[in-house]
Amino acid sequence: MMKSIYLIAGILAITVISCKKENIEVKKVDHSKMMNAAHGEKLNVKVVNAEDPICGMKTAEYLKDTANYKGKTYGFCNSMCKDEFKKDPEKYAIKE
Ligand SMILES: [Zn+2]
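About the cut-offs
Residues numbered from 1 in each chain as written. Predicted model: local features only at pLDDT ≥ 70, side-chain atom pairs only at ≥ 80, totals over all residues. Heavy atoms only, no water. UniProt positions renumbered as here; feature names shortened; annotations may be inferred. Helix = DSSP H or I, 4+ residues; strand = E, 2+ residues; numbered from the N terminus. Core = buried A, V, L, I, M, F, W, Y, C linked by side-chain atoms within 4.5 Å. Buried < 20%, exposed > 50% of the residue type's maximum accessible area, 1.4 Å probe, protein only. Contact = heavy atoms within 4.5 Å. Donors = N, O, S within 2.8 Å, 3.2 Å for Na, K, Ca; no water. Tetrahedral: all angles 85-135°; square planar, octahedral: opposite > 155°, others 65-115°.

Visitor: Lay out the UniProt feature "domain: TRASH" (unreviewed entry) in the chain with the relevant residues and their values.
Guide: According to UniProt, the positions carrying the feature "domain: TRASH" (unreviewed entry) are residues 52-89. The span residues 52-89 is 37% helical and 26% strand by assignment, and the distance between its end C-alpha atoms comes to 13 Å.

Here you go:
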């Protein structure tokens, strides 16, 4: 009698663990889809910054939008990062 209870508990534990694993995998797939949708095709523009100053993405790989500030062209991975830059450009601009 006791043995069958342990067996049922064991099966339940395995089921819970495998369900958790599936959930994590699904989340990973959704995240990469979101990243692709957010970035899409990159622009072919020369920018002064190697990395998006807002989020740190490489502009060489993820350039989607640009802004001019004090004669320099800054690149961003999306328009949200550009908007953030425009709120306080002095904070993010490259100092000389
Ligand atoms: Zn960004």
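Visitor: Please give an account of the nonpolar core that cites residues and values.
Guide: Core analysis: the biggest nonpolar cluster contains ten residues, these being Met57, Ala67, Tyr69, Tyr74, Phe76, Cys77, Cys81, Phe85, Tyr92 and Ala93. Counting only elements with at least two residues in this core, the list comes to strand S1 (65-69), strand S2 (72-76) and helix H3 (79-87). Contact partners of Cys81, with chain neighbours within four places excluded, come to Asp52, Ile54, Cys55 and Phe76.

Visitor: So, the coordination of the zinc ion: which residues are in play, and what are the values?
Guide: Taken together, Asp52 (OD), Cys55 (SG), Cys77 (SG) and Cys81 (SG) make up the protein donors of the zinc ion, found 2.1 to 2.3 Å from the metal. Taken together, the four donor atoms coordinating the zinc ion and their angles of 103 to 123° define a geometry best described as tetrahedral. With relative accessibility at 4%, the residue Cys77 sits in the buried group.

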